[in-house]
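So the chains spell out like this:
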Amino acid sequence: MLSIRSSLLPHLALLTAMSFWGSTFVALRVALAALTPLQTMSGRMLVACLALLPVWPRLFRELRRNGHWALLLLMGLCEPCLFFLFETHALRLTTASQAGMVTALLPLLVAAAAYVALGERSGPRAWLGFALAVGGVVWLSGTARAGAAAPNPALGNLLEAAAMCCATGYTLLARRLSPFYSPLCITAVQAGVGLAFFSLLLCFVPESAARVDLGRNFPAWAAWACVAYLGGCVTFAGYGLYNLGVNRLSAGRAAAYTNLIPVFAMFFGMLLLDERLSPGQYGGAVCIVAGVLCSQWRGGAKEAT
């Protein structure tokens, strides 16, 4: 019984993390209706750091003991710094549902990068799936129509794709560092680096006063509640659970769970923001899903042992 629980734990952790991350797109858009991107990200990182405050002394000892400072800083630069920078600006230009669909690229990007960096093999079906998913993203973006809720969906989806490239680097680096650091320590490094990065940008980089138009009104406290949710649940709990999964599984297997993010993102976007894809965009979404299924089909991806 104990061995079954132990084997299920990383999978349950990843499933819960995906539900948090799928809700990110809606929470970010609600926050961006009242706050600037840098205010949102600085607040998010601050909440995450405060949540970790009781364990910082133990984590500092772990950091001093194990080293690998360059890799840790590079990991933090990939995600949350550049990842959140791209994603937050993407969600000012496109809808939560469209951005969520673009995240389907992540497991395929990780599989391709892991083949080069970690020796995790990918078969022909995985590469075919990658091509289908990329084509689906192009289709989804090319048929998107600009509107008040999505003033430039093509550019927004492109920025979300750039965020996925940053997430790929983060996943591989987190996997490389997992033998040396606990998932909690890796999460703390991300929060600390992210807080320093976004606070500096907030102090010295001017931002546009334009806000996201959601097409509906939310209470004044909703933006701050979303920042607290993003920092406490999505960043602290979400990354902690994901790092636990990466620690126990391969980079490719852990990243495969991100296939669920578009499902959660579309569900929350439709439920809370009344978002809908256009008829033409459903074709792109089907192409993305087909690419993901093809890459995950038995025999489509072979892991290194």
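Residues numbered from 1 in each chain as written. Predicted model: local features only at pLDDT ≥ 70, side-chain atom pairs only at ≥ 80, totals over all residues. Heavy atoms only, no water.

- If you check an unreviewed UniProt entry, the protein appears there as DMT family transporter from Desulfovibrio legallii.
- Entered under Subcellular location (unreviewed entry) in the UniProt record, the comment concerning the protein runs "Membrane". (UniProt positions renumbered as here; feature names shortened; annotations may be inferred.)

## Examining unusual backbone geometry
Next up, step 1: In this structure, His68 takes a positive phi of about 60° despite not being glycine.
Next up, step 2: Take His68: it is sitting in the loop between α3 (56-66) and α4 (69-90).
Next up, step 3: Positive phi is not limited to glycine here, since Asp274 has a value of about 55°.
Next up, step 4: Turning to its location among the elements, Asp274 is positioned in the loop between α12 (260-273) and α13 (279-296).
Next up, step 5: The exposure class assigned to Asp274 is partly exposed, which follows from its relative accessible area of 49%. (Helix = DSSP H or I, 4+ residues; strand = E, 2+ residues; numbered from the N terminus. Buried < 20%, exposed > 50% of the residue type's maximum accessible area, 1.4 Å probe, protein only.)

## Description of the packing of aromatic side chains
Next up, step 1: Counted under the stated rule, the structure contains 11 aromatic pairs.
Next up, step 2: Ring centres 6.5 Å apart and planes at 20° place the aromatic pair Phe264 and Phe268 in the stacked group. In this pair, Phe264 and Phe268 both sit in helix α12, 4 residues apart, roughly one turn of the helix.
Next up, step 3: Given a relative accessible area of 23%, Phe264 falls into the partly exposed group.
Next up, step 4: By the ring-pair criterion, three or more aromatic residues cluster together here, those being Trp21, Phe83, Phe84, Tyr170, Tyr239 and Tyr242. (Phe/Tyr/Trp six-rings, centres within 6.5 Å; stacked < 30°, edge-to-face > 60°.)

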